[in-house]
Amino acid sequence: MSGKAGASSSNSTNPTNPIGQAIPRASVRRLVTGRGRYTDDMTFARMVHAVFVRSPFAHARILSIDTGEAARAPGVVRVVTGAEVAEVCKPFQVRHAGFPALKVTPQHVLAVDKASWQGEAVAAVVAESRAEAEDAAELVMIEWGELPAVADADAALAPDAPLVHQELGTNEALALTVDGGDVDGAFADADVVVEEEFRFARHTGVTLEPRCIIADYDPSTHALAVHQSHQAPHEMADVYARHLGFPGHNVRVVAPDVGGAFGLKLQPYADEIATCALSMLLGRPVKYTADRLESFVTDIHARGHHVKARMAVSADGDILGLEVDDVYGIGAYSQFPRTSVFEGVHVLRMSGVAYKHTNYRARVRVAYQNKALSGHYRGVGMPIANTVTERLVDMATTELGLDPVAFRRRNYVPSEAYPHTAPTGFSFEYMSLGECLDKLEELVDIPALRAERDSLRADGVYRGIGIATFTETTAISPEYYGKAEIRVAAQESCVVRLEPSGHVRCLIGMTDQGQGTATGIAQVVAATLGVPVDDVEVISGDSAATPYGAGAFASRGAAIGGEVALQASRALKENILAVAAAILQEEPAALDLSDGRIVAAAGGTARMELAEIADIGHFRQNILPPDVQPQFTVARHHVPRALPHLSGNGIQLSYLEVDPGLGAVKLLRHAVVHDCGTVINPLLVHEQIRGGAVQGIGSALYEESVYNNEGQMLNASLADYLVPMAAEIPDIEIADVITPTRSSELGAKGVGEAGVTGASPAILNAINDAIGPLGGRLAEIPATPERILRALGVV
Amino acid sequence: MDDTIEITLTVNGETVTRRTSPRQHLVDFLRGELGLTGSHVGCEHGVCGACTIRLDGRAVRGCLTLAVQADGARVETIEGLTESSEISDLQRLFVERNAAQCGYCTPGMLLTAAELVAAGQAMPRAAIRDFMSGNYCRCTGYQAIIDAIEHVLEARFGAPAKEEG
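Residues numbered from 1 in each chain as written. Chains lettered and ligands numbered in written order. Predicted model: local features only at pLDDT ≥ 70, side-chain atom pairs only at ≥ 80, totals over all residues. Heavy atoms only, no water.

Observations concerning the packing of aromatic side chains
Residue and element names in this part refer to chain A.
And then number 1: Taken as a whole and judged by the stated rule, the model has 14 aromatic pairs over all chains.
And then number 2: Judged by centre distance (6.5 Å) and plane angle (75°), the rings of Trp117 and Tyr333 are edge-to-face. Of this pair, Trp117 sits in the loop between strand E4 (114–115) and strand E5 (121–127) while Tyr333 is found in the loop between strand E14 (319–329) and helix H11 (342–350), placing the two residues 216 residues apart along the sequence.
And then number 3: Here the aromatic rings of Phe426 and Tyr480 are separated by 6.3 Å at their centres, their planes lie at 65°, and the arrangement is edge-to-face. Taken as a pair, Phe426 in the loop between strand E16 (420–421) and strand E17 (427–428) and Tyr480 in the loop between strand E18 (462–474) and helix H16 (481–484) lie far apart in primary sequence, 54 residues in all. Side by side, Phe426 and Tyr480 carry an identical accessibility label, which is buried.
And then number 4: Aromatic ring contacts, followed pair by pair, group Phe342, Phe426, Tyr480, Tyr481 and Phe553 into a single cluster.
And then number 5: Geometry around Phe187 places Arg310 over its ring, the cationic atom sitting 3.8 Å from the centre.
And then number 6: Geometry around Phe553 places Arg338 over its ring, the cationic atom sitting 4.2 Å from the centre. (Phe/Tyr/Trp six-rings, centres within 6.5 Å; stacked < 30°, edge-to-face > 60°. Helix = DSSP H or I, 4+ residues; strand = E, 2+ residues; numbered from the N terminus. Buried < 20%, exposed > 50% of the residue type's maximum accessible area, 1.4 Å probe, protein only. Lys NZ or Arg CZ within 6 Å of the ring centre and 35° of its normal.)

Below is the structure:
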């Protein structure tokens, strides 16, 4: 095997300690042999298939629906409209206690009266087969009264704009501001002010497995069993119970293998709740699998920002102040239950936080528009904050003729300043900014790269180098959703149990969609207990069988899931050693567990096999003293309370070539240095960074949900919506800086969003470095050939 | 009204006879009628490669092939390639190198890589990247996949000739 992944530094000096080891995931053996089990792979007795009739208009009144012909079509079991489903399913409406001004209106699972985006479901057809349901869906006759649509976020905020929701009286869902320090003074004192107007295209997550759900309602027990491709089965169980009228314990949600999630499979979707409602109406299992067109027009989208920003800088290279003004569109509704405002909150609170300036002013305006909903795609606003900041930094260094590396180092929040509260209001335990920059200079010979770039320019080859520091919040505490009074947990919970065989099972609320979280947790359990990693099975993704957890989002799997696994395993170890002590007539403190054996704490002499303790504890308790009750199942909860969030950070470098005639970009090198605290498994950490970086490169160069002014998505197919392919992506070079958080014993901080968070600013800076000598300047992503040619004045 | 057509084909070495609708895709037939759920459906118009299967020895898109077109043909899927051990080295390297995250693209990716391996020669890394560009992966960023394939090609056929330039 290639040494590239496994050869990295790790924080484990003990070769037998599984933490820090590059251990492959056992579950991949299923995936490579075709034994993965995704939701659509499942089928149940009497199962029927739902297909949704969707609005072809971005904004239109439903004048009438005639379902008669569809209902008579072959195989059709039932056709329902929004009004019928509304009888079993309440509309939902977000609320955020921290933003009482957020303007919201109820959203029905199937549109009633009017549709507010192209793709909103308005009726459902259930049939014996999916093909028959699709045939019949075409026979549902809807008379539409088209309404004026507003697609562009800026246009939506204009005084005379058509309203997405008449009853709100405005398209502005929310406006947020921060004003810290003396911003006007900073700009007045500045020797140089750099200013840019950015556009970040709306795009989406494109999970290769479309959304899929099978709802199975049993009227005899009034219970709902759901299999669903999802990141947060516990949260979904709560949503279904509350919105469909079930006691909480009558709903079970199982997330089997999930074919990509990225935040896209984090919230309830209207059509998924509708599928549950259809199962309730029919009393039989109903499956819904989105097709690719539906995925593009109903999966959550993200980004879609228009930012004006400026930075005040002194002649000797100090950042004096920063001002950011962002408008972004969230689609037709604020996504339930998390709201769609966190993307904007991160722009507001994360811009410029790597730097020690104290003067910051920002405004974010959130607009409703007749488009698909915007949600919590990987990175949530942080790529915007980082791109705005890092682009302005490079513009300042260009203007002043300063070295972009030295300029960053000069302006970073210094190591001794932590804990640090940025002028944005967010606080940071520690950011290893200088260490990451040092590591980048070890990883990439930047002077040599500059020399190569400069010598090639003489030959008419336009290459550019872009570096970008990135900062991220991870593993959020109840200060976010708890304070917002939104039913999204910050905790993770874990049951660890010693099986009669001496093997260990860990049942955890945290979920894994391929990141490798389950393997990392197995490593933590194994390391804490003192058993081989192969002796630990991690079970997750079942809201009934596992203790409550929020699931996968905000880079929290290792940080919070890992920590609760550590705490539970430690407690189990104490219980095991108590039984061992009774058997061996020793003090528990004189014993330890190592490699599946009870050993002497001093010297490590093997005393007893763990399997023997397990056997005695399960079957031969008669040999134990009468007061010894083996407690071989232990549960723990963990809620991060010490800090509002953990602070991840890193730096990325892109080296690329622009063809000034074609506007094409060829990415030649891309490097990432990241600090995720304790590295539990460098193989998996690095593959998270690579995959994330390539998604970020996709958003910088290719990915865009293209809409026209009527709110029609024009590229809703995988042939038209571009994602990165193997040929256009270089190897991603990686190095670690390891600064464990002190807020947990494990010290892990999270890595899932790191790659995506810092890739686009590095790419945009590199493109500008390449086209600057030609007089080009670009502040829009994706940097398509057309946009680059416009920036060069060619077209 | 029966508009189905009877087809007989060999799937992973076993002869199967079924009636199928003329409009049914081969991948839907394999998944739905035969329970071979290792082949996945990603885009349903031949772009993403998740449904890649082998038809009479060649890798094809299961979503662009009708089941009736496979009448009389020899079809192989990830389940069959696993059973025959034809790509066991590729599969082992995918595991070791963590070349699958969510795993949804993986069977299709392996079917395409199997075609590359079956070509019987070493290839420069860039050429492997080009060849694999018909299969989308959203999780890995591709590098681990390319590493695994490159390693297998080298192990089987030796190092590739130096790339020019």
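What about the packing of helix H8 (residues 233–244) of chain A against helix H9 (residues 270–282) of chain A?
All names here are of chain A.
And then number 1: For the pair H8 and H9, interaxial distance at closest approach is 11 Å and the crossing angle is 55°. Classified by the interaxial angle, the pair formed by H8 and H9 is oblique. Between H8 and H9 lies a crossing of right-handed hand. Residues Val239, Tyr240 and Leu244 of H8 form the contact with H9, whose own contacting residues are Glu272, Ile273, Cys276, Ala277 and Met280.
And then number 2: Residues that form the contact of H8 with H9 fall into these classes: seven nonpolar, no polar and one charged. (Axes fitted to C-alpha atoms, helices over the stretch in contact; angles between N-to-C directions. Parallel < 35°, antiparallel > 145°, perpendicular 65-115°, else oblique. Left-handed = near helix turned anticlockwise from the far one by under 90°. Contact = heavy atoms within 4.5 Å. Nonpolar A, V, L, I, M, F, W, Y, C, P; charged D, E, K, R; others polar.)

As for the sheet that holds strand E12 (residues 286–289) of chain A
All names here are of chain A.
And then number 1: One open sheet accounts for seven strands, arranged E3-E5-E1-E12-E9-E10-E11; its pairing is mixed. Strands with a single pairing partner mark the edges of an open sheet, and in this sheet they are strand E3 (76–81) and strand E11 (251–254). The average undirected angle you get between the axes of adjacent strands in this sheet is 20°.
And then number 2: H8 contacts strand E9 (212–218), strand E10 (223–228) and E11 of the sheet and is inclined by roughly 145° relative to E11.
And then number 3: The strands touched by H9 are strand E1 (48–54), E3, E5, E9, E10 and E12; relative to E9, the strand with the most contacts, the crossing angle is about 30°. (Pairing = 2+ DSSP bridges.)

With respect to the pattern of salt bridges
Residue and element names in this part refer to chain A.
And then number 1: Per the stated rule, a full pass over the model turns up 68 salt bridges over all chains.
And then number 2: Here Arg303 and Glu343 are joined by a salt bridge, their closest N and O atoms 3.5 Å apart. One end of the pair, Arg303, is in strand E13 (residues 301–313); the other, Glu343, is in helix H11, and 40 residues separate them in sequence.
And then number 3: Judged by its relative accessible area of 4%, Arg303 falls in the buried class. (Salt bridge = Lys/Arg side-chain N within 4 Å of Asp/Glu carboxyl O.)

Some remarks on the interface of chain A and chain B
And then number 1: The interface is formed by 55 residues belonging to chain A together with 48 residues belonging to chain B.
And then number 2: Between chain A and chain B lies a buried interface of about 4200 Å² when both sides are counted; carbon and sulfur atoms form 55% of it.
And then number 3: Counting the contacts that link chain A with chain B gives eight salt bridges.
And then number 4: Ionic pairing is found between Asp41 of chain A and Arg31 of chain B, a salt bridge with its closest N-O pair at 2.8 Å.
And then number 5: Counting every contact that joins chain A to chain B gives 27 residue pairs in polar contact (both at pLDDT 80 or more).
And then number 6: Of all the secondary-structure elements, those providing two or more residues to the side of chain A that touches chain B are helix H1 (3–6), helix H2 (28–31), helix H5 (130–137) and helix H20 (682–701) of chain A.
And then number 7: Of the residues contributing to the side of chain A that touches chain B, the split by class is 27 nonpolar, 13 polar and 15 charged. (Buried area = accessible area lost by both parts, 1.4 Å probe. Polar contact = N/O pair within 3.5 Å; in protein donor to acceptor, adjacent residues only side chain to side chain.)

Quick look at the sheet that holds E4 of chain A
Residue and element names in this part refer to chain A.
And then number 1: Strand order in the open sheet made by the three strands is E4-E2-E6, with antiparallel pairing throughout. The open sheet has two edge strands, E4 and strand E6 (141–146), and neither has a second partner.
And then number 2: For strand E2 (residues 60–66) and E6, the ladder comprises six bridges, and the chain directions are antiparallel. Within E6, the residue paired with Arg61 across the bridge is Gly145.

Points about the domain arrangement of chain A
As a measure of interface size, the accessible area lost when the parts come together is often cited.
All names here are of chain A.
And then number 1: Along its sequence, chain A is organised into domain 1 (39–147 + 210–258 + 265–298), domain 2 (301–479 + 642–791) and domain 3 (491–638).
And then number 2: Summarising the inter-unit geometry, the C-alpha centres of domain 2 and domain 3 are found 40 Å apart.
And then number 3: Counting residues at the interface gives 18 residues for domain 2, matched by 19 residues for domain 3.
And then number 4: Carbon and sulfur atoms supply 57% of the area buried between domain 2 and domain 3, which totals about 1400 Å² over both sides.
And then number 5: The three residues of domain 2 that bury the most area against domain 3 are Ile680, Glu745 and Leu746, which together make up 35% of that side's buried surface.
And then number 6: For the interface between domain 2 and domain 3, the tally reads one salt bridge.
And then number 7: At the surface where domain 2 touches domain 3, the tally comes to nine residue pairs in polar contact (both at pLDDT 80 or more). (Domains from an automatic or database assignment.)

Some points on the domain arrangement of chain B
All names here are of chain B.
And then number 1: Examined at the domain level, chain B breaks down into domain 1 (5–81) and domain 2 (86–157).
And then number 2: Distance between the C-alpha centres of domain 1 and domain 2: 22 Å.
And then number 3: On the domain 2 side, the residues contacting the 19 residues of domain 1 number 15 residues.
And then number 4: Between domain 1 and domain 2, roughly 1400 Å² of surface is buried when both sides are summed, and carbon and sulfur atoms account for 55% of that area.
And then number 5: Considering only the surface of domain 1 that becomes buried against domain 2, His40, Ile78 and Leu81 emerge as the three largest contributors, covering 37% of it.
And then number 6: Linking Arg54 and Glu86 is a salt bridge whose minimum nitrogen-to-oxygen distance equals 2.8 Å.
And then number 7: Taken together, the links from domain 1 to domain 2 amount to eight residue pairs in polar contact (both at pLDDT 80 or more).
And then number 8: Those elements giving two or more residues to the side of domain 1 that touches domain 2 turn out to be strand E3 (52–55), strand E4 (58–61) and helix H2 (78–83).
And then number 9: Residue classes in the side of domain 1 that touches domain 2 are distributed as eight nonpolar, seven polar and four charged.

As for the pairing of strand E22 (residues 591–594) of chain A
A regular strand places its side chains so that they alternate between the two faces of the sheet.
Residues and elements named next belong to chain A.
And then number 1: In E22, alternate side chains face the same way, and those of Leu591 and Leu593 are buried while those of Asp592 and Ser594 on the opposite face are not.
And then number 2: As paired strands, E22 and strand E23 (residues 597–600) are joined by four bridges and run antiparallel to one another. Residue Leu593 lies in a different strand from E23, and its bridge partner there is Ile598.
And then number 3: Where E22 folds back onto E23 in an antiparallel hairpin, the turn is made up of two residues, including Asp595, whose phi is positive at roughly 50°.

Some words on helix H4 (residues 106–118) of chain B
And then number 1: Under the 1.5 Å per step criterion, the end-to-end length of H4 of chain B is 18 Å for 13 residues, consistent within 8% with the ideal 18 Å.
And then number 2: Where H4 of chain B is concerned, the buried positions are Thr106, Pro107, Gly108, Met109, Leu110, Leu111, Thr112, Ala113, Ala114, Leu116 and Val117 of chain B. (Expected span 1.5 Å × (residues − 1).)

Observations concerning the state of the cysteines
Residues and elements named next belong to chain A.
And then number 1: Taken as a whole and assessed by the stated rule, the structure comprises zero disulfides over all chains.
And then number 2: Among the cysteines around Cys212, which has no disulfide bond, Cys276 carries the closest sulfur, lying 12 Å off.
And then number 3: Relative accessible area serves as the criterion here: at 1%, Cys212 is assigned to the buried category. (Disulfide = S-S within 2.5 Å.)

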